[in-house]
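Working through the structure, step by step
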Amino acid sequence: MGPGDRGPKTTEDRSAPVEPTGVKKWLIDNTLLVVTLGGVLIGIAVGFGLRPYHLGPDALMIISYPGELFMRVLKLMILPLIIASLIAGSASLNAKMSGKIAVRTLLYFVLTSMFNAFLGIVLAMLIHPGQPDLRDDHIGLIQNKRDHSILDSLLDIGRNIFPDNIVQAAFQQAHTVYAEAPSMFLKNATENDTVPTLVRVISYRAGTNTLGLVFFCLIFGSLLGTLGPKGQVVVDFFQAIFEVIMKMVTGVMWFTPVGVSSVIAGKILGVSNVAQVMSQLAWFIATVTVGVFLYQLIVMQAIYFVFLRKNPYKFYWGLSQAMLTAAATASTAAALPVTFRSMEGPLRIDPRITRFVLPIGCNINMDGTALFLAVASVFVCQMNNMHLGFAQLATIFLTSTAASVSSASVPSAAMVLLLVVLAAVDAPAHDVSLLFAVDWLVDRIRTTNNMLGDCYAAVVVEHLSKNELMACDAASMEPAVANGSLPTPNTEIEEGTRSPKKSLVSDDTIIDMHLPNS
């Protein structure tokens, strides 16, 4: 009986399908991450491997061309993604709920930016990366001219939050420039070598005014949610746009390895002398890197554990794809589509929170930028043997925090803001030109902090708002109110925006009503 019993079991076991386990299962589940990481390594290898051949500008352009197309496609999806996600997300919450989430989000962003600025100052004072002998090896490329003040930057934030033309906000943003004042005595002034008077002028520069669009969409979506059934068709429209964009992102992601390797190889080949630059600014790069990873691997994980009481590194690992994309593109906004895909897909964060927090954080929360500005400011002051007392350090701390809020989510935006911080402590601005040589690398390191800060803010805000989300679902009887279950994937938004008992019936009713009219 015994041997006879074991025979059939052996036959059944052999005929049963074998599920992959161990390394094979991990590779299947993380195929895109593995090939993206391979693209990063290939880009580094190609970049350093081709440097001895001193390729011409045409060859560099061809190598960088796939990466340029990849960046253009990602940026193409930013504007519709932000508009659709904010309107659909804020419409699924009542106005009071949106206000509470906004306050918690902004408070988290301000506190973490202040902590990063403080961390950057502490590390720069301890490591002391700035050496006076570095000033002899470069020529100041920045001419003596009137630069922005911190007041100008703060006022420009207000001008961009309240745009006077919503269409213009899609491709232009307001900023303050200094121009020579028109004078009837201009001829006499030039003859007497008088320094011309500079006055503030509000001008417009190319680039999406994301702050204005975010504010408009938040107000529009919050008021849209108060219309009830009358506004549901508009909510469904923007939810459909969001789903279409996310499907496009899924397809674009398979182009990531080629695009990432092209971007990295092109940047490495474009630097004139990597070894010399690295040797000169090794301590500066090390200071920023230590600060970034200290915040990422310890502080962020501690925040996650304190609020959620879960293993934070599982969440951190789930954002690997978005981190690689953010590092390769050096832009939080360019990585936003991938971040949405990670947060609402495998990590199962409430879509109402992610669509509210991520677009705002993409433009306001710049943790890595605050740390970089603090380190770079102290670095320049140390290069010039400037004494940094409590007053100067406090000024750097406050201006770095404020300037990081006004930072655009585009590559190398922090280099312009660094001039603002240096002006606040009367440090020479021409020494900033030395940092341009390594900003292509440091920018990619600090961008991961910016992106991760948005994601961790969304998780913390979701946890703090869980009771309000559940109460909102239980109390509301309107079809526009979201389901609120955390496992709802982003491909099931239509069900998630209706009450659980009416979702299927409402879907069928809408289809029956609209099909005959089409």
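Residues numbered from 1 in each chain as written. Predicted model: local features only at pLDDT ≥ 70, side-chain atom pairs only at ≥ 80, totals over all residues. Heavy atoms only, no water.

Quick notes on the overall build of the protein
Counting secondary structure elements, the protein contains 24 helices and two strands. When each of the 518 residues of the protein is scored for burial, the buried share is 47%. With an accessible surface of roughly 25,200 Å², the protein has 67% of that area assigned to carbon and sulfur atoms. (Helix = DSSP H or I, 4+ residues; strand = E, 2+ residues; numbered from the N terminus. Buried < 20%, exposed > 50% of the residue type's maximum accessible area, 1.4 Å probe, protein only. Areas by Shrake-Rupley, 256 points an atom, 1.4 Å probe, with all protein chains shown as cover.)

Regarding the packing of aromatic side chains
Summed over all chains, the structure comprises 13 aromatic pairs. Between Y108 and F109, the aromatic rings sit 6.4 Å apart at their centres with planes inclined by 70°, giving edge-to-face as the arrangement. Plain terms: the ring middles of F284 and F379 are 4.9 Å apart, the flat faces sit at 45° to each other, and that makes the pair tilted. Of this pair, F284 sits in helix 13 (residues 282–308) while F379 sits in helix 18 (residues 367–383), placing them 95 residues apart in sequence. The same class applies to F284 as to F379, namely buried. Ring pairing ties together the aromatic residues F216, F220, F237 and F238, which thus form one cluster. The ring of F242 has R355 lying over it, and the distance from NZ or CZ to the ring centre is 4.0 Å. (Phe/Tyr/Trp six-rings, centres within 6.5 Å; stacked < 30°, edge-to-face > 60°. Lys NZ or Arg CZ within 6 Å of the ring centre and 35° of its normal.)

Side note on unusual backbone geometry
Here R348, not a glycine, exhibits a phi torsion of approximately 55°, which is positive. When you line up the elements, R348 lands in the loop between helix 16 (336–344) and helix 17 (351–364). Phi at N385 is positive, roughly 55°, even though this residue is not glycine. Along the chain, N385 falls in the loop between helix 18 and helix 19 (390–405). For N385, a relative accessible area of 62% gives the class exposed.

Re helix 10 (residues 229–252)
In this model, helix 10 (24 residues) spans 35 Å end to end at C-alpha, consistent with the 34 Å of a helix rising 1.5 Å per residue. Every buried residue belonging to helix 10 is among G231, Q232, V235, D236, F238, Q239, F242, E243, I245, M246, V249 and V252, and all of these are buried. (Expected span 1.5 Å × (residues − 1).)

Concerning a nonpolar patch on the surface
Judged by side-chain polarity, V290, F293, L294, L297, I298 and Y313 come together as a nonpolar surface patch covering roughly 510 Å² of accessible area. No other element matches helix 13, which puts five residues into the nonpolar patch. Inspection of the secondary structure puts Y313 in helix 14 (residues 312–318). Overall, the relative accessible area of 43% leaves Y313 in the partly exposed class. (Patch = residues over 30% accessible without salt bridge, like charges linked within 9 Å, V, L, I, M, F, W, Y side chains within 5 Å. Salt bridge = Lys/Arg side-chain N within 4 Å of Asp/Glu carboxyl O.)

Thoughts on the side chain of S85
As for its position among the elements, S85 is in helix 5 (residues 78–91). S85 sits in the buried class, given a relative accessible area of 0%. Within the structure, the side chain of S85 is placed 3.1 Å from the backbone oxygen of I82, a separation counted as a polar contact. Beyond its immediate sequence surroundings of up to four residues, S85 is in contact with F242, F340, R355 and P359. (Polar contact = N/O pair within 3.5 Å; in protein donor to acceptor, adjacent residues only side chain to side chain. Contact = heavy atoms within 4.5 Å.)

Thoughts on the environment of L422
Relative to the assigned elements, L422 resides in helix 20 (residues 413–424). You can call L422 buried: its relative accessible area is 0%. Sequence separation between L422 and I396 is 26 residues, and the spatial gap between their C-alpha atoms is 8.0 Å. Once residues lying within four places of it in the same chain are set aside, the contact partners of L422 are S377, V380, A427, P428, A429 and V432.

Structural notes on the packing of helix 3 (residues 31–50) against helix 15 (residues 320–329)
The contact between helix 3 and helix 15 brings their axes to 10 Å, and the two run at 25°. On the basis of their axis angle, the class for helix 3 and helix 15 is roughly parallel. The interaxial crossing formed by helix 3 with helix 15 has left-handed handedness. Two secondary-structure elements touch here, helix 3 through L32, L33, T36, L37 and V40 and helix 15 through S320, Q321 and L324. Here the contact of helix 3 with helix 15 is built from residues that sort into five nonpolar, three polar and no charged. (Axes fitted to C-alpha atoms, helices over the stretch in contact; angles between N-to-C directions. Parallel < 35°, antiparallel > 145°, perpendicular 65-115°, else oblique. Left-handed = near helix turned anticlockwise from the far one by under 90°. Nonpolar A, V, L, I, M, F, W, Y, C, P; charged D, E, K, R; others polar.)

Describing the confidence of the model for the protein
Detailed reading of the predicted coordinates is not advisable wherever pLDDT falls low. Looking at the protein, pLDDT values average 79 and 79% of them are 70 or higher. Ranking the helices and strands of the protein by mean pLDDT puts helix 13 first, with 94, and helix 24 (residues 503–514) last, with 36. Here residues 136–146 scores under 50 on pLDDT; set against residues more than four positions off or in separate chains, the count is 16 contacts. For residues 479–518, every residue scores under 50 in pLDDT, and the model assigns this stretch 66 contacts once sequence neighbours within four places are set aside. (pLDDT = per-residue confidence, 0-100.)

Side note on the pattern of salt bridges
In a structure, side chains of opposite charge can pair up when their charged atoms sit close to one another. Going through the model one piece at a time under the given rule, you end up with five salt bridges. Among the ionic pairs, D350 bridges to R352, the shortest N-O distance being 2.9 Å. The pair D350 / R352 is uniform in exposure class, with both members buried. One salt-bridge network, held together by shared partners, links D439, D443 and R446.

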